[in-house]
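What follows is the residue order along each chain.
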Amino acid sequence: MSILNILRYPDPRLHKIAQPVTAFDARLAKLVADMAETMYDAPGIGLAASQVDVHERVVVIDITEEKNALTAYINPEIIWASDERQVYDEGCLSVPGVYDGVERATRIKVRAFDIKGEQFEQEADGLLAVCIQHEMDHLVGKVFVEYLSPLKRNRIKTRMVKEERGIAREKALRAQGRRF
């Protein structure tokens, strides 16, 4: 297994639309395993393949404290959502350190495939429902900050760009053998 690089907002690759998975093979199993390892290492509770620059309809989620209930959702689709909505504070591995309220359906039903190609349906509420909706947004090129006001979104974008420049500068200095 490998830790994958997580794209950071506002990277334009986060806005690519993911394509359906057509082969349930060893490559897919490795992708899911690598995504799970990356998510746990980050640490996070969900990760979409789009966030690691693989534009396929693959999501991994584990909302447990013990990190022992990983579910892979391949080609997921929400087949029902409640009319009842609630605002949850969300964060994202692609927008580290940023949390804000997003309104979502309180209950959903999702249909997906597992890594063996077996179809399943799952009802979800609470944090799991939020996480599934959040990760599925990534598959259509949407990051949670796009639900926020333009002012908040621009502030976050500016902050992320500045942080990315700082990270790039630090890497360049380390490559030159310098410390700061």
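Structure: see above.
Residues numbered from 1 in each chain as written. Predicted model: local features only at pLDDT ≥ 70, side-chain atom pairs only at ≥ 80, totals over all residues. Heavy atoms only, no water.

Undergrad: Talk me through the overall build of the chain; I want residue IDs and the actual numbers.
TA: When its secondary structure is counted, the chain shows three helices and seven strands. Its helices and strands in sequence order give the chain the pattern α-β-β-β-β-β-β-β-α-α, from N to C terminus. For 180 residues, the compact-globule formula gives about 16 Å, and the C-alpha radius of gyration of the chain, at 17 Å, lands near that figure. Within the chain, the fraction of its 180 residues that count as buried is 41%. In the chain, the proportion of contacts linking residues at least 24 apart, taken out of those at least 6 apart, comes to 65%. (Helix = DSSP H or I, 4+ residues; strand = E, 2+ residues; numbered from the N terminus. Rg over C-alpha atoms; globule rule 2.2 N^0.38 Å. Buried < 20%, exposed > 50% of the residue type's maximum accessible area, 1.4 Å probe, protein only. Contact = heavy atoms within 4.5 Å.)

Undergrad: Lay out the pattern of salt bridges with the relevant residues and their values.
TA: Where charged atoms of side chains with opposite charge meet at close range, the side chains can pair. Inspection of every chain in the model, using the stated rule, returns 15 salt bridges. In this structure, the salt-bridge partner of Arg13 is Asp11, at a minimum N-O distance of 2.6 Å. Residue Arg13 is classed as partly exposed on the basis of its relative accessible area, which comes to 34%. What makes Asp11 buried here is its relative accessible area of 17%. The partner of Lys152 in a salt bridge is Asp100, and the shortest N-O contact between them spans 3.1 Å. Taken together, the positions of Lys152 in helix H3 (residues 150–175) and Asp100 in strand E5 (residues 95–105) put the pair 52 residues apart, joining distant regions of the chain. Residue Asp100 is classed as buried on the basis of its relative accessible area of 18%. Through salt bridges with shared partners, a single network forms among Arg8, Arg159, Glu163 and Glu164. (Salt bridge = Lys/Arg side-chain N within 4 Å of Asp/Glu carboxyl O.)

Undergrad: An account of unusual backbone geometry is requested, with residue identities and associated values reported.
TA: Look at the link from Tyr9 to Pro10: it is a cis peptide, with omega at 10°. Of note, Pro10 is situated in the segment before helix H1 (26–41). For the peptide bond that leads from Ala42 to Pro43, omega is -15°, which places it in the cis range. Within the secondary structure layout, Pro43 lies in the loop between H1 and strand E1 (46–48). Even without being glycine, Asp53 reaches a positive phi, approximately 65°.

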